[in-house]
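What follows is the residue order along each chain.
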Amino acid sequence: MLKLVIVNLFRNPLRTFLTMASVTVALFLFCALGGILDTLQESIKVGSESRLVTRNKISLVQWIPMAYRQRIEAVPGVKRVAIQNWFGAQDPADTKGFFAQFAVDDPWYGVYGKDYELVDATPSSAPADIPEGADPRLASYFQEQTACVVGQKLMEKKGWKLGQTINLAGTIYPGTWPFTIRAVYHAKKKSFGDETMFFHYKYLNEKGMGGFGAVGTYVLELNDPSQASAITHAVDSQFENAAPATLTETEQAFQAGFVSMYGNIPFVLRVIGLAIVFSILLIAANTMMTSIRERTSEFGVLKTLGFTDGAVFRMVVIEAAVITLGGGLLGSLGARALVTGASVPGGFFPPMSIYWGTVLTGIAIAVVIGAVSGLVPAVQASRLRIVDALRRVE
Amino acid sequence: MASVDVRNVVKVYRRQTEELRVLDGLTLSIPDGAFVALMGPSGSGKTTLLNLIGGIDQPTSGDLEVAGTNIARLKGAQLARWRSASIGYVFQLYNLIPVLTALENVELPLLLVRMSPGERRKRAETALKLVGLGERLKHYPRQLSGGQEQRVAIARAIVSDPQVLLADEPTGDLDRKSAEEVLELLSRLNREFKKTIVMVTHDPHAAERATTRYHLDKGVLSN
């Protein structure tokens, strides 16, 4: 029986190939689109339970004063506070190759010390104060105001070298901004991302803000994550009647809120994915129907020889399933192999991820397409009366 | 003992409101080992009778006992299993599966029987040798002449060693020489292997090979 199925698959190799290819492409797209959703999900994972983020209550793009820092640090349960400020400059040599840059203060490297590791750094000529939890090799960075730390993948992409001075053109903070690369990092957690640049907040404050001290977000490291809710309340209640008021939330909630700014895009992606799958279902069903119709007399012969209706039904369904499952495996696994790790333009998100769950969903969809597309012709073939089938030829 | 026993069989085709009575109370008894030719004009019901005997169509009423089984009462899978074990069918247009070799075509009925691949192949080879195509095992139908295709079809019909062979115009699409070869083969199967053969034909020359000839006209049988 299986041999008959295989032989029939190669009866019209071009048609089988094209049908399988269409399923492959559809499932590749489905999984790639699913990968975008997975990547959004992955970006939420950057958050740690032991960290909170405090921002302006009105909007993420509004600033909060530097003066809040001491008051936040004084809240019981807060171990330390770090500054993280979006910079948003461009590389004049590659204006379309956008990447994320953050101005951060020294404690930030300790707060995130477990999320990255240094792969290279300029040796320091003099000792420097290293924040608790930060890599001592960052000494040369801490000693130089225009120094920066760059992700390994970004270095490779831009072709930059350690020690090189790069000039970025400011957008939010106008002017030309020279930076010297003093360290290269590799993300320990994929969600941390390997394509970001970090530099001194002090540099931004002095050159870009005239020492005004506006802060984008504060990152709060906690002594005890179980106290997060109480600390959130304690921080925000301090500034409840101040201008501006603050909003403190867990880092995960902060990231999720960031993702939610994409609005209905995840929904649209799901709809597009399902539309692709549905259209392929119709194509596969049509192909199977044509293939079966061409073999009507052969089914009549097989039944005359003693093949039961059930055997004919199974033969057709298996044939459809092999075509679509083959395409589904190629498309879904191909998407995971080729798309995983690809950069997401903008630098806001970690590299593309396609969860195994998405791949398995793709494969399951391929099986369903096979079953559904094979079902109608299989029922037709199994119900075919022998005399009618033979009459179509004779 | 009768190999085929048709008793008072009626076959009516219904097309919308119209009824077409193709066989009207037909009774026929074919003894074991007989070679019967069924003749008659087009639309006389020859193929319908053959289909009823072969269990690929059902009578409207009446009884059909073929190879020891009353097939009028069998349905679906039971009937399919019976066909597989008891009947060999030869079509006018050979009806070989074009993507299978001669050997694979002959093996087809044996796929329904519990049998090792080696045994299956051996039996299919024997059947093909019997019809004189031992050298054409790997040939596809398109690589064979019409006469050779029909002989492969006969090998396929006999490979599971059925008691009854049914042939519907087996020489209808062949030249004279090939037709003679096929008729000789059927005669041999009847003579040497004692197969009961029921052959529908328009050709009086082909009918001469049969030991008994019946004439069917408007659903009524005569000698």
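Residues numbered from 1 in each chain as written. Chains lettered and ligands numbered in written order. Predicted model: local features only at pLDDT ≥ 70, side-chain atom pairs only at ≥ 80, totals over all residues. Heavy atoms only, no water.

Whenever strands of a sheet pair, they do so through backbone hydrogen bonds, lying parallel or antiparallel. All names here are of chain B. Strand order in the open sheet formed by 6 strands is E6-E7-E8-E3-E9-E10, and the pairing between neighbours is mixed. Sheet topology places strand E6 (87-90) and strand E10 (220-222) at the edges, where each strand pairs with a single neighbour. Neighbour-to-neighbour, the strand axes of the sheet open up by a mean angle of 20 degrees, direction not taken into account. When strand E9 (residues 212-217) meets E10, the two strands line up antiparallel, connected through 3 bridges. Note that in E10 the partner of Leu 216 across the bridge is Leu 221. Seen against the sheet, helix H1 (residues 46-53) touches strand E3 (35-39), E6, strand E7 (164-168), strand E8 (196-200) and E9 and runs at an angle of roughly 155 degrees to E7. The sheet contacts of helix H2 (residues 76-86) involve E6 and E7, and relative to E6 the element is tilted by about 80 degrees. (Pairing = 2+ DSSP bridges. Helix = DSSP H or I, 4+ residues; strand = E, 2+ residues; numbered from the N terminus. Axes fitted to C-alpha atoms, helices over the stretch in contact; angles between N-to-C directions. Contact = heavy atoms within 4.5 Å.)

With that out of the way, let us pick up the interface of chain A and chain B. Interface size, as often reported, equals the accessible area lost upon joining of the parts. Facing 21 residues of chain A, the contacting portion of chain B comprises 22 residues. For the pairing of chain A and chain B, the buried interface totals around 2,000 Å² over both sides, and the portion due to carbon and sulfur atoms is 69%. Across the chain A-chain B interface, the total number found is 1 salt bridge. At the junction of chain A with chain B, the criterion picks out 2 residue pairs in polar contact (both at pLDDT 80 or more). At the level of elements, helix H1 (2-9), helix H11 (296-305) and helix H14 (386-391) of chain A are the ones that each hand at least two residues to the side of chain A that touches chain B. Tallying contributions element by element places H11(A) first for the side of chain A that touches chain B, with 6 residues. Per-class residue counts for the side of chain A that touches chain B are 11 nonpolar, 4 polar and 6 charged. (Buried area = accessible area lost by both parts, 1.4 Å probe. Salt bridge = Lys/Arg side-chain N within 4 Å of Asp/Glu carboxyl O. Polar contact = N/O pair within 3.5 Å; in protein donor to acceptor, adjacent residues only side chain to side chain. Nonpolar A, V, L, I, M, F, W, Y, C, P; charged D, E, K, R; others polar.)

What follows covers the packing of aromatic side chains. All names here are of chain A. Considering all chains together, one arrives at 30 aromatic pairs over all chains under this definition. An angle of 85 degrees between the planes, with centres 5.0 Å apart, marks the rings of Trp 63 and Phe 212 as edge-to-face. Here Phe 212 lies in the loop between helix H7 (201-208) and strand E10 (214-215) and Trp 63 lies in the loop between strand E1 (51-56) and strand E2 (64-65), a separation of 149 residues in the sequence. By relative accessible area, which is 53% here, Phe 212 ends up exposed. Seen in terms of ring centroids, Phe 199 and Tyr 203 are 6.3 Å apart; in terms of plane orientation they differ by 85 degrees. Their pairing is edge-to-face. (Phe/Tyr/Trp six-rings, centres within 6.5 Å; stacked < 30°, edge-to-face > 60°. Buried < 20%, exposed > 50% of the residue type's maximum accessible area, 1.4 Å probe, protein only.)

Let's shift gears to the layout of surface pockets. Each pocket or cavity is described by its volume, and for the second largest pocket that value is around 690 Å³. Residue lining of the second largest pocket: 28 residues in total, with Arg391(A), Thr47(B), Thr48(B), Asn51(B) and Asp168(B) positioned closest to the centre. Listed by contribution, the elements that provide at least two residues to the lining of the second largest pocket are H14 of chain A together with strand E1 (2-15), strand E2 (18-31) and H1 of chain B. A class-by-class count of the residues in the lining of the second largest pocket yields 10 nonpolar, 9 polar and 9 charged. (1 Å grid on protein atoms, 1.4 Å probe; cavity = no way out; pocket = protein on both sides within 12 Å on 5 of 7 lines; lining within 4 Å. Points joined across faces, edges and corners; volume = space filled by probe spheres on them.)

Counting residues in hydrophobic clusters, the biggest one holds 60 residues, and the most contacted among them are Phe299(A), Val6(B) and Val66(B). In terms of residues, this core owes the most to one element, helix H12 (residues 309-339) of chain A, which gives 7 residues. Apart from the residues lying within four places of it in its own chain, the contact partners of Val66(B) are Ser3(B), Val4(B), Ile53(B), Ile71(B), Trp82(B), Ile87(B) and Val164(B). (Core = buried A, V, L, I, M, F, W, Y, C linked by side-chain atoms within 4.5 Å.)

This part takes up the packing of helix H2 (residues 13-44) of chain A against helix H13 (residues 356-383) of chain A. Residue and element names in this part refer to chain A. Running from N to C, H2 and H13 cross one another at 150 degrees; their axes reach a closest spacing of 9 Å. As far as their axial angle goes, H13 and H2 are roughly antiparallel. Every pair of crossing elements has a handedness; the one defined by H2 and H13 is right-handed. Listed contacts from H13 to Leu 27, Phe 30, Cys 31, Gly 34 and Asp 38 of H2 are Thr 358, Val 359, Thr 361, Gly 362, Ile 365 and Ile 369. Taken together, the residues of the contact of H2 with H13 break down into 6 nonpolar, 4 polar and 1 charged. (Parallel < 35°, antiparallel > 145°, perpendicular 65-115°, else oblique. Left-handed = near helix turned anticlockwise from the far one by under 90°.)

The next thing to look at is unusual backbone geometry. A cis amide bond links Ala243(A) to the next residue, Pro244(A), at an omega of 5 degrees. Within the secondary structure, Pro244(A) is located in the loop between helix H8 (228-238) and strand E12 (246-250). Despite not being glycine, Asn8(B) has its phi angle at roughly 55 degrees, a positive value. Along the chain, Asn8(B) turns up in strand E1.

Residues and elements named next belong to chain A. All told, the structure shown has 3 cavities of 30 Å³ or more when counted by the stated rule. When its volume is computed, the largest cavity comes out at roughly 110 Å³. Taken together, Asn 8, Leu 9, Arg 11, Asn 12, Arg 15, Thr 16, Thr 19, Thr 287, Met 288, Ser 291, Glu 319 and Ile 323 form the lining of the largest cavity. At the level of secondary structure, the elements contributing two or more residues to the lining of the largest cavity comprise H1, H2, helix H10 (265-294) and H12.

The subject of this paragraph is the side chain of Asn51(B). In this fold, Asn51(B) is placed in helix H1. By relative accessible area, Asn51(B) is classed as buried at 10%. In contact with Asn51(B), other than residues within four places in its own chain, are Val387(A), Ile56(B), Asp57(B) and Tyr89(B).

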